[in-house]
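Chain residues, written in single-letter form:
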Amino acid sequence: MADAGGWRPPRPCEAYRAEWTLCRSAGHLLHHYYVHGERPACEQWRRDLASCREWEERRSAEAQRSLCESERARVQATRKHALVWTLRQSPPADWHLPLPQEEKDQ
């Protein structure tokens, strides 16, 4: 990152507050519990919000480091999942032929 004078948090503090509020909402709790079988972990959003506010008020180097590490971890977590589909370079050779159901109907 740049020096502390020109550095800004990766997101506005309002974005961290919105994510924390959403994470604690009843709808998100039910959805997350249904999909994952456990309650969502909202503590990291609260810590990020506190670090962002501390950065805005005091320009704390610890808050800056905390936000950078948190965002880095968040990006790494989204990159760890492999693609479900294998990407192809060109369409199949028989893409223009009728589908098997159409052949049976005729």
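Residues numbered from 1 in each chain as written. Predicted model: local features only at pLDDT ≥ 70, side-chain atom pairs only at ≥ 80, totals over all residues. Heavy atoms only, no water.

Participant: Please provide a residue-by-residue account of the pattern of salt bridges, values included.
Facilitator: Opposite charge on two side chains permits them to pair, given that their charged atoms come into close proximity. Scanning all chains against the criterion turns up eight salt bridges. Between Glu14 and Arg17 there is a salt bridge whose closest N-O contact spans 2.7 Å. Of this pair, Glu14 and Arg17 are both found in helix H1 (residues 13-24), three residues apart, which corresponds to roughly one turn of the helix. On the accessibility criterion, Glu14 (47% relative accessible area) is partly exposed. The exposure class of Arg17 is partly exposed, given its relative accessible area of 33%. Through salt bridges with shared partners, one network takes in Arg11, Asp48, Glu71 and Arg74. (Salt bridge = Lys/Arg side-chain N within 4 Å of Asp/Glu carboxyl O. Helix = DSSP H or I, 4+ residues; strand = E, 2+ residues; numbered from the N terminus. Buried < 20%, exposed > 50% of the residue type's maximum accessible area, 1.4 Å probe, protein only.)

Participant: Explain the layout of surface pockets to me, and be specific about the residues and the numbers.
Facilitator: If you add up the space inside the largest pocket, you get close to 340 Å³. Together, 14 residues line the largest pocket, and Cys23, His28, His32, Ala41 and Trp45 are the ones closest to its centre. Looking at the lining of the largest pocket, the elements with two or more residues in it are H1, helix H2 (26-36), helix H3 (43-58) and helix H4 (61-79). Looking at the lining of the largest pocket residue by residue, the classes come out as six nonpolar, five polar and three charged. (1 Å grid on protein atoms, 1.4 Å probe; cavity = no way out; pocket = protein on both sides within 12 Å on 5 of 7 lines; lining within 4 Å. Points joined across faces, edges and corners; volume = space filled by probe spheres on them. Nonpolar A, V, L, I, M, F, W, Y, C, P; charged D, E, K, R; others polar.)

Purely geometric numbers; function is a separate question.
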